[in-house]
Amino acid sequence: MKDTLLIKGGNPLRGKVRVSGAKNAGLVIMAASIMAEGETILDNLPRIRDVEVMIQILNEIGAETKWNDDQSLSIMVDPSQIKTSTCYELSKQLRASNLFLGAMLGGRGEAIVSMPGGCDIGSRPMDLHLKGMQALGAKTKIEHGYIYARVDKPSGARVYLDFPSVGATENIIMMAAKTPGLSTIENAAKEPEIVDLANYLNSMGARIRGAGTDVIKIEGAQKLTAGRYAIIPDRIEAGTYMISAAITGGEVLVENVIPTHLHPIIAKLQETGAIVEEQDAGILVKSGPYIQPVDIKTLPYPGFPTDMQSQMMALLSMGRGSSIIVENVFENRFQIVDELKRMGANIKVEGHTAVVEGVGRLCGARVKATDLRAGAALVLGALAAIGETEIENAIHIFRGYENLCEKLISLGADVR
Ligand code: UD1
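In this text, all values refer to a predicted model and were calculated from it rather than measured experimentally. (Residues numbered from 1 in each chain as written. Predicted model: local features only at pLDDT ≥ 70, side-chain atom pairs only at ≥ 80, totals over all residues. Heavy atoms only, no water.)

**Points about the site of the ligand**
Taken together, 19 residues lie around the ligand, and D127, L128, S165, D307 and V329 are the ones closest in. N24 is positioned such that a nitrogen or oxygen atom in its side chain is 3.0 Å from an oxygen atom of the ligand. At 2.7 Å from an oxygen atom of the ligand is found a main-chain nitrogen or oxygen belonging to L128. Summarising the interface, the protein chains cover 87% of the accessible area of the ligand, which totals 750 Å² for the free molecule. Going through the elements one at a time, α5 (127-135) and α6 (166-177) are the ones with two or more residues in the shell around the ligand. (Near = heavy atom within 4 Å. Polar contact = N/O pair within 3.5 Å; in protein donor to acceptor, adjacent residues only side chain to side chain. Areas by Shrake-Rupley, 256 points an atom, 1.4 Å probe, with all protein chains shown as cover. Helix = DSSP H or I, 4+ residues; strand = E, 2+ residues; numbered from the N terminus.)

**Observations regarding the packing of aromatic side chains**
Working definition: an aromatic ring pair is given by the centre-to-centre distance plus the angle between the planes. Taken as a whole and judged by the stated rule, the model has one aromatic pair. Where Y200 meets Y229, the ring centres are 5.5 Å apart and the plane angle is 65°; that geometry is what we call edge-to-face. On the criterion of sequence distance, the pair formed by Y200 in helix α7 (residues 192-203) and Y229 in strand β13 (residues 228-230) is long-range, its members being 29 residues apart. Of the two residues, Y200 and Y229, neither departs from the other in class, the shared state being buried. The ring of W67 carries R47 above its face, with NZ or CZ at 4.0 Å from the centroid. (Phe/Tyr/Trp six-rings, centres within 6.5 Å; stacked < 30°, edge-to-face > 60°. Buried < 20%, exposed > 50% of the residue type's maximum accessible area, 1.4 Å probe, protein only. Lys NZ or Arg CZ within 6 Å of the ring centre and 35° of its normal.)

**Structural notes on the sheet that holds strand β9 (residues 158-160)**
With mixed pairing, four strands are arranged side by side in an open sheet as β9-β10-β12-β11. The open sheet has two free edges, formed respectively by β9 and β11 (207-209), since each of these has just one partner strand. Strand-to-strand twist of the sheet, defined as the mean angle between neighbouring strand axes without regard to direction, takes the value 15°. Sheet analysis places β9 next to strand β10 (residues 182-186), joined by three bridges and oriented parallel. For V159, the partnering residue across the bridge sits in β10 and is I185. (Pairing = 2+ DSSP bridges. Axes fitted to C-alpha atoms, helices over the stretch in contact; angles between N-to-C directions.)

**Remarks on the pattern of salt bridges**
Taken as a whole and judged by the stated rule, the model has 22 salt bridges. Where R150 meets E110, a salt bridge forms, and the shortest distance between an N and an O atom there is 2.8 Å. With a gap of 40 residues between them, R150 in strand β8 (residues 146-151) and E110 in strand β6 (residues 110-114) connect regions that are remote in the sequence. On the basis of relative accessibility, which here comes to 44%, the residue R150 falls in the partly exposed class. On the basis of relative accessible area, E110 is assigned to the partly exposed category, the value being 31%. (Salt bridge = Lys/Arg side-chain N within 4 Å of Asp/Glu carboxyl O.)

**A short note on the pairing of β8**
Here β8 shows one buried face, formed by I147, A149 and V151, and one open face, formed by Y146, Y148 and R150. Inspection of the sheet shows β6 paired to β8 by five bridges, in the antiparallel sense. When the bridges of β8 are listed, I112 appears paired with Y148. As defined by bridge partners, strand β7 (residues 138-143) adjoins β8 across six bridges and the pair is classed as antiparallel. Bridged to E143 within β8 is Y146. Here β7 folds back onto β8 in antiparallel fashion, the turn holding two residues, of which H144 has a positive phi close to 50°.

**Digging into the domain arrangement of the chain**
According to the domain assignment, the chain contains domain 1 (5-19 + 233-415) and domain 2 (23-230). The centre of domain 1, based on its C-alpha atoms, is set 30 Å off from the matching centre of domain 2. Between domain 1 and domain 2, a total of about 2000 Å² is buried, with carbon and sulfur atoms accounting for 53% of that surface. Across the domain 1-domain 2 interface, the total number found is two salt bridges. For R235, the salt bridge is made with E193, and the minimal N-O distance between the two is 2.9 Å. At the surface where domain 1 touches domain 2, the tally comes to six residue pairs in polar contact (both at pLDDT 80 or more). For the side of domain 1 that touches domain 2, the secondary structure elements donating two or more residues are α12 (372-384) and α13 (395-398). Considered class by class, the residues forming the side of domain 1 that touches domain 2 number nine nonpolar, five polar and nine charged. (Domains from an automatic or database assignment. Buried area = accessible area lost by both parts, 1.4 Å probe. Nonpolar A, V, L, I, M, F, W, Y, C, P; charged D, E, K, R; others polar.)

Below is the structure:
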């Protein structure tokens, strides 16, 4: 059963684990690579399923790719060979496929992009993406499941985002990077992955200032030149391993991290009673005597990340006392609740709010990963549960965690 994870719980995880490159930074940078002619080499890209699907999309639209011996990925782009459309079969497999919209519009002036798929965590509209691109001169329509966009007279403009959407900010940055004149994104998303995209584009000759703040200014450049770039470490993977120490009563040094990216997660983990130390080599997490209840509200960065909400829920369900979790980013991100309840958790959901009554200990059960981060939360619950847990649909988890089983086993977990 290739798609099922079997985990015997109860082993305290101990040792070191090295965090891989950031999925969400890697995916957008892969899309952006088609904007430059020649060979782009990306270091620190995680070998996960989403990256493999992104490679297939790149190949399908005419870019050549190859994994090098040093684990970097080369992407060769001959602009005359690049198609300006993506197909449904591949796009439906990941949300990040929508990022070809900005890359194609910026690079080639037109794009036909299948409406994206990805995790089923709530409605994921594209209105803010399209609003931004329209402001820069694009004409867009949605027909038969595809977004058709074309820009004849691109011109820099001011865009205000009603919500700091990560994907919309990224798409607009990519388009604006090659749009003549000055573009300004107000109420932009501030996630570290946005900064990584801007750094990558600037390394190719783009002129982007202010990434990481809520006002980003982009002066269009005529040409971008391909080069070599290293992706930042994955803060969500790091946070997941940090919780693995806290939930199993263990002690784990999480290496290859940028601590500032982790501050929202560290702050909440410390409130649960875990001991978190920033060291030169990484972040050391030791479990506390018991898991204290905390309240969490997910928010855009630097708020607590929605991508860590499910994992925190698993931790708090094993605590003492009641915690309140408010999900403000995606409306459908409590599917994990029914699965954790199978393991004995006591959680009540009312709209965007979940009340988690800590039960002290979870029990192994048959459960199903409904999305990537829910799957990660079930892995955490299973590592700490009494007995064996069988997690079906584990393919969701492999979309975002590189060498998950190997890393957990090296920390002493019993995972098959
Ligand atoms: C990205 C991440 C995802 C993370 C999310 C929030 C990638 C590939 N995925 O997703 O892991 O959970 O950021 O940090 O980077 N919205 C609109 N209109 C739009 C776009 C978004 O209303 O045009 C809303 C969405 O419905 C959602 C909220 O904005 O409620 C946040 O979405 P967004 O920041 O765009 O997330 P993604 O870029 O899809």
